[in-house]
Every structure is written in C-alpha cells, then in structure tokens.
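# What the coordinates show
The residues making up each chain are set out below.
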Amino acid sequence: MKRTASQRIAHVLVGLCALLILCDLLLILLSPALAYFRFQDPGSMTFARLVETFRYDFDDGLGNLLSILLGAAWRTPESAVLAGFLILAGICAAGILVQGIRLLASVADGTPFSPKNPGCLRRAAVCCFVIAAGALGRTVFSLAVHGLSALLSYTALFIPLFAMAGLLCLVMAGLFRRAAELKAENDLTI
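Computed from a predicted model, the values in this text were never measured in an experiment.

Parameters and conventions
Residues numbered from 1 in each chain as written. Predicted model: local features only at pLDDT ≥ 70, side-chain atom pairs only at ≥ 80, totals over all residues. Heavy atoms only, no water. Bend = angle between axes of the 7 residues up to and from the residue. Helix = DSSP H or I, 4+ residues; strand = E, 2+ residues; numbered from the N terminus. Buried < 20%, exposed > 50% of the residue type's maximum accessible area, 1.4 Å probe, protein only. Salt bridge = Lys/Arg side-chain N within 4 Å of Asp/Glu carboxyl O. Phe/Tyr/Trp six-rings, centres within 6.5 Å; stacked < 30°, edge-to-face > 60°. Axes fitted to C-alpha atoms, helices over the stretch in contact; angles between N-to-C directions. Parallel < 35°, antiparallel > 145°, perpendicular 65-115°, else oblique. Left-handed = near helix turned anticlockwise from the far one by under 90°. Nonpolar A, V, L, I, M, F, W, Y, C, P; charged D, E, K, R; others polar. Expected span 1.5 Å × (residues − 1). Polar contact = N/O pair within 3.5 Å; in protein donor to acceptor, adjacent residues only side chain to side chain. Contact = heavy atoms within 4.5 Å. pLDDT = per-residue confidence, 0-100. Core = buried A, V, L, I, M, F, W, Y, C linked by side-chain atoms within 4.5 Å.

For helix H1 (residues 5–38), the principal kink sits at Leu30 and spans about 50°; a proline, Pro32, occurs within the next four residues. For H1, the complete set of buried residues consists of Gln7, Ala10, Cys17, Ile21, Asp24, Ile28, Ser31, Pro32, Ala33, Ala35 and Tyr36.

Rendered as structure tokens:
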C-alpha cells in the first residue's frame, strides 16, 4: 500500500521530534549553569574566562563546571528558582514531545483515529498546564523580588500561552476520542 503525503510528513516529524528530545535533555542538564550565569556580573564570567577554565586541564575544567551545575546555581534564590523552572519546563517539554511522537507514529501507520491518541493529547495537556503553573510560580517570585517589571518577562508570557495550549490539547483529545468512537461504530456497521 502506498504511503500518503501526510504519512511521509509524519515520519519526518517523528525524526525531528526525536532530535528535539535529545537537544532538550542536553538543555535540562545545562539549565543550572544557564541560571547561574544569568545572575552573574556581566564582566565576571566572559567567554574567555570560561575557555581559560578548560585550557590548563580538561578534567579540572569539567570539575569546575560540575561544581557550578551541582552547587553554585542553587546558592542564590533567583538562580535556584530559574534553574528549577528551566528543569521543570524541560522535563515537561520532553513529555510533550514524547506524546507528539506517539501521535505522529499512529498517523504514520495510517491509524490517526486510534483510541490511544486522546490519551496522548491529555498527557500533553497536563504537561502544558504544569509548565503554566511553574511559570506562574516563577512570575509570583519575580514579582516579590523585582516588582511589576516581572510582568514584562518571557516567563509571564508562558502562563497564558501554555494554559491555552493545554486547553487546545484537551479540545483536540475530545475530538480525537469522538472520531475514534465514530470510526469503531462505522467499522462494526460494515
């Protein structure tokens, strides 16, 4: 049986989602370092100083980076909250991508109205709501520390964005569930 264009596109998207999961896992590991460097004095940690850390002995440089990842990023409240949010968002993004792969795999197999697809969309919706809740927590913390300027951050934008994405996933889950029911009913009729 010949594959349709949407099935071929779904195969390509599965591969791209797998690549994104690998990138996401790398970013989850580096999130504490990103949070640590975010709240450093701009002149204290330049690229040249980071290269100098690794120049003499790679093992010592790697040890210094690990000490930043495991300890230094969690010392100040601002970097700890940011690191926690980035890790939470990264884990949930990986969950959304895994559910997307499952959904796209069923499309690639030619069974887009499988009974398992609504569950994938519901799990993706939960991940979206968790990201929105994490963004709300970080925004509330930033409001307490920095005042109203926290409302102009990207984190504040994540709250409505991921809440709407979660609601959209729930609506799509309902549509896919109903379509799967109609397909099963149709299959029994014939």
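As a further point, take the pattern of salt bridges. This structure, assessed with the given rule, holds 3 salt bridges. Here Asp187 ties to Lys183 by a salt bridge, and the two come within 3.0 Å at their closest N and O atoms. With a gap of 4 residues between them, Asp187 and Lys183 both fall in helix H6 (residues 154–189), about one helical turn apart. On the accessibility criterion, Asp187 (48% relative accessible area) is partly exposed. What emerges from the salt-bridge pattern is a single network uniting Arg177, Arg178 and Glu181.

A separate point is the packing of aromatic side chains. Summed over the entire model, instances satisfying the criterion amount to 4 aromatic pairs. Seen in terms of ring centroids, Phe85 and Phe158 are 6.2 Å apart; in terms of plane orientation they differ by 40°. Their pairing is tilted. Taken together, the positions of Phe85 in helix H4 (residues 77–108) and Phe158 in helix H6 put the pair 73 residues apart, joining distant regions of the chain. On the numbers, 5.5 Å between centres and 75° between planes, the contact of Tyr154 with Phe158 is edge-to-face. Of this pair, Tyr154 and Phe158 both sit in helix H6, 4 residues apart, which is roughly one turn of that helix. For Phe158, a relative accessible area of 22% gives the class partly exposed. Taken together, Phe85, Tyr154, Phe158 and Phe162 form an aromatic cluster joined through their ring pairs.

On to the packing of helix H5 (residues 117–146) against H6. Orientation of H5 relative to H6, taken along the N-to-C sense of each, is 165°, at an axis distance of 8 Å. It follows that H5 is roughly antiparallel to H6 by the angle criterion. You can see that H5 and H6 cross each other, and the crossing is left-handed. Residues that form the contact of H5 with H6 fall into these classes: 23 nonpolar, 4 polar and 3 charged.

It is worth spelling out H4 at this point. Between its first and last C-alpha atoms H4 spans 46 Å; for 32 residues at 1.5 Å apiece the expected length is 46 Å, and the two agree. Where H4 terminates, the next one or two residues include Gly110, which has phi positive at roughly 90°.

Okay, the side chain of Ser31 next. The topology assignment puts Ser31 in helix H1. Engagement of the side chain of Ser31 in a polar contact is seen with the backbone oxygen of Leu27, the distance being 2.7 Å. With sequence-adjacent residues up to four places away left out, Ser31 is seen in contact with Ala83, Leu86 and Ile87.

Before going further, it helps to examine the confidence of the model for the chain. Per-residue pLDDT for the chain has a mean of 84; in total, 81% of the residues score no lower than 70. Ranking the elements of the chain by mean pLDDT puts helix H2 (residues 47–55) last, at 58, and H5 first, at 94.

This part takes up the nonpolar core. Judged by nonpolar contacts, Ala10, Cys17, Ile21, Leu97, Ile101, Leu104 and Ala108 together constitute the single largest core of 7 residues. Looking at this core, the elements that each hand over two or more residues are H1 and H4. The element contributing the most residues to this core is H4, with 4 residues. Residues contacting Ala108, with those up to four places away along its chain left out, are Arg3, Gln7, Ala10 and His11. Listed in part, the 6 residues of the second largest apolar core include Cys92, Cys128, Ala132 and Phe162.

Between H4 and H5, the least distance of the axes is 9 Å, while the angle of their chain directions is 165°. Considering the angle they form, H4 stands roughly antiparallel to H5. The handedness of the crossing between H4 and H5 is left-handed.

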